[in-house]
Structure formats: C-alpha cells, structure tokens
Amino acid sequence: MTDSNAPKDGDFAHWVDEKSQALKFELGEKFPVPPTILASPSVPIETGRQKLEEVLLEHEAPSEEFLEELAALEEAPPLSEEELARQALAAGGADGDSSTPE
C-alpha cells in the first residue's frame, strides 16, 4: 500500500534540512552565544579595529574610526627614502629575524 501524500525520495530530507536551519536561526536569536565562547585558544579574538580587507573584500561598511584613520593616512606627508630604508632594515621580513633584513 502506497500513500499518495508520502514525500518523494529526497523531498523529506530537504524538508527536514529546511526546518532544522530555521530552528537553528530561531534558537540563535533567542540564545545568542557570546563571541568569547566561540573563540579558539589558538586563534586570537578579533580586535575592534576594522581592516582594509574587511571593507574591500568582505563588503563591510567602513566604521567612523576606519574612515578617520584613512583620512589621516591620506593627509600624512610621504616618507623619505631614509625613513623607508630604516623601516626596511628594522623589519624582520618573512622569517621575522631583524638581524637578517630582506
């Protein structure tokens, strides 16, 4: 005996998946998890400062602090060749060793 109201193969699994996603969303709204609980000890918790990659690549809206910092960088005078050379020698490069500048 076959039931004409029975879902076809895959339809029931799709329905269950939709219901579980909706339930996860609803529970997430009712019981938000603080970000510190989700953080891994090996991955540092993200700072409050917004990064350029987040604005350009992840399409985040730039914060007021980000826009102020960007304006200050644009208004800053260019660095001299001596200052660029000093910074290059002080940087550790790919290996992080400042005794062997890149």
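Just so it is clear, the model here is predicted, and its values are computed rather than measured. (Residues numbered from 1 in each chain as written. Predicted model: local features only at pLDDT ≥ 70, side-chain atom pairs only at ≥ 80, totals over all residues. Heavy atoms only, no water.)

**Q** Outline the overall build of the protein, listing residues and values.
**A** Each helix and strand in the protein was counted, giving five helices and zero strands. Listing every helix and strand of the protein by position from the N terminus yields α-α-α-α-α. For the protein, with 102 residues in total, the buried portion stands at 5%. Looking at the protein as shown, the accessible area adds up to about 9,400 Å², and 60% of this sits on carbon and sulfur atoms. (Helix = DSSP H or I, 4+ residues; strand = E, 2+ residues; numbered from the N terminus. Buried < 20%, exposed > 50% of the residue type's maximum accessible area, 1.4 Å probe, protein only. Areas by Shrake-Rupley, 256 points an atom, 1.4 Å probe, with all protein chains shown as cover.)

**Q** Outline the pattern of salt bridges, listing residues and values.
**A** For the structure shown, the criterion picks out one salt bridge. The closest approach of N and O atoms between Arg-86 and Glu-83, which form a salt bridge, is 2.7 Å. Here Arg-86 pairs with Glu-83, and both are found in helix 5 (residues 81-90), just three residues apart, close to one helical turn. (Salt bridge = Lys/Arg side-chain N within 4 Å of Asp/Glu carboxyl O.)

**Q** Before we move on, can you summarise the packing of aromatic side chains with the specific residues and values?
**A** Applying the stated criterion to the full structure yields one aromatic pair. Measuring from ring centre to ring centre gives 5.9 Å for Phe-12 and Trp-15, while their planes differ by 25°; the resulting arrangement is stacked. Of this pair, Phe-12 and Trp-15 both sit in helix 1 (residues 11-30), three residues apart, which is roughly one turn of the helix. (Phe/Tyr/Trp six-rings, centres within 6.5 Å; stacked < 30°, edge-to-face > 60°.)

**Q** Give a detailed account of the confidence of the model for the protein, specifying residues and quantitative values.
**A** Confidence in the prediction of the protein, expressed as mean pLDDT, is 75, and 72% of residues score 70 or more. Within the protein, the element-level pLDDT minimum falls on helix 2 (residues 35-38), averaging 52, and the maximum on helix 4 (residues 64-75), averaging 89. (pLDDT = per-residue confidence, 0-100.)

**Q** Please give an account of the environment of Arg-49 that cites residues and values.
**A** Following the sequence through the fold, Arg-49 ends up in the loop between helix 2 and helix 3 (52-56). Those residues in contact with Arg-49 that lie beyond four places of it in its chain are Glu-54, Glu-65 and Glu-69. (Contact = heavy atoms within 4.5 Å.)

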